[in-house]
Amino acid sequence: MTKAKPEFEGLNGPVTLNEEQQKFWMGLLLRRAEANGREGEVPVSAVVLDRRGRCVGFGGNTREREQDPLGHAELVAMRQASRLRGDWRFNDCTLLVTLEPCPMCAGALVQARMGHLIYAARDPKRGAMGSTINLAEHCSAHHVMQVTGGVLEEQASAMLATWFRQRRRRPDGSVEARSRTS
């Protein structure tokens, strides 16, 4: 169980999820991400929970479907939650996501003052919450965010690896060489 940091005391901080609750939510997100992957999107899903543990925003990647570079699951979920709540500040919220946020999403989480981030798979190429950089602890961060990584990491990593491997497979069964720009 993650305890709230002293900075959160008296501020109606984010819901505290025990390990079982974290795995429950992440399991739901992994199933949603898998469905999203079948639709041609990178299989990533996110949910925003309010301080009572209620879902106030859900998102899956929509970049391909909407041709939107900002269509990352975290941003979609936060946009929905901010509309529902009538507020862009998320000090009292928790965001769960199946993949460690990229720099764009990590920056948005810091700017939105997300109370707690919980993610599944680490992203050794683009992860911005500890894998390549850590924007939550960067000197420019004006907000202290709790970060928990690795919840159902093996399942999430395997799903993503399988999805990318299938996307790179050619009709003749060979694997397409990856370019440096992909």
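Let us look at the structure shown here. Everything quoted here is computed from the prediction, not taken from an experiment.

Procedures and definitions
- Residues numbered from 1 in each chain as written.
- Predicted model: local features only at pLDDT ≥ 70, side-chain atom pairs only at ≥ 80, totals over all residues.
- Heavy atoms only, no water.
- Helix = DSSP H or I, 4+ residues; strand = E, 2+ residues; numbered from the N terminus.
- Buried < 20%, exposed > 50% of the residue type's maximum accessible area, 1.4 Å probe, protein only.
- Contact = heavy atoms within 4.5 Å.
- Areas by Shrake-Rupley, 256 points an atom, 1.4 Å probe, with all protein chains shown as cover.
- Core = buried A, V, L, I, M, F, W, Y, C linked by side-chain atoms within 4.5 Å.
- Expected span 1.5 Å × (residues − 1).
- Arc of directions from axis to C-beta.
- Phe/Tyr/Trp six-rings, centres within 6.5 Å; stacked < 30°, edge-to-face > 60°.

### Remarks on the overall build of the protein chain
- Each helix and strand in the protein chain was counted, giving five helices and five strands.
- Traced from its N-terminal end to its C-terminal end, the protein chain shows the element sequence α-β-β-α-α-β-α-β-β-α.
- Considering the protein chain as a whole, with its 182 residues, one finds that 44% of them fall into the buried category.
- A fraction of 61% describes how many contacts in the protein chain between residues 6 or more apart in sequence connect residues 24 or more apart.
- For the protein chain, the exposed surface amounts to about 10,100 Å²; the carbon and sulfur share of it is 49%.

### Examining the nonpolar core
- Grouped together as the largest cluster of nonpolar side chains are 47 residues, with contacts concentrated most on V48, M78, L95 and L96.
- Secondary-structure elements contributing two or more residues to this core are α1 (19-38), β1 (45-49), α3 (73-85), β3 (94-99), α4 (103-111), β4 (116-121) and α5 (153-168).
- With sequence-adjacent residues up to four places away left out, L96 is seen in contact with L17, Q22, W25, M26, L29, S45, A46, V47, L49 and I118.

### Description of α5
- Taking 1.5 Å of rise per residue, the 16 residues of α5 would be expected to cover 22 Å, and the 22 Å separating its terminal C-alpha atoms lies within 8% of that figure.
- Taken together, the buried positions of α5 are A156, M159, L160 and W163. Buried positions in α5, seen along its axis, are confined to an arc of 95° and lie on one side of it.
- Among the structural elements, α1, β3 and β4 are those in contact with the buried residues of α5.

### Concerning the packing of aromatic side chains
- Per the stated rule, a full pass over the model turns up two aromatic pairs.
- Between the aromatic rings of F24 and W25, the centroid separation amounts to 5.8 Å while the plane-to-plane angle is 75°, which identifies the pairing as edge-to-face.
- Ring centres of W163 and F164 lie 4.9 Å apart, and the angle between their planes is 85°; this geometry places the pair in the edge-to-face category.
- You can call F164 partly exposed: its relative accessible area is 32%.

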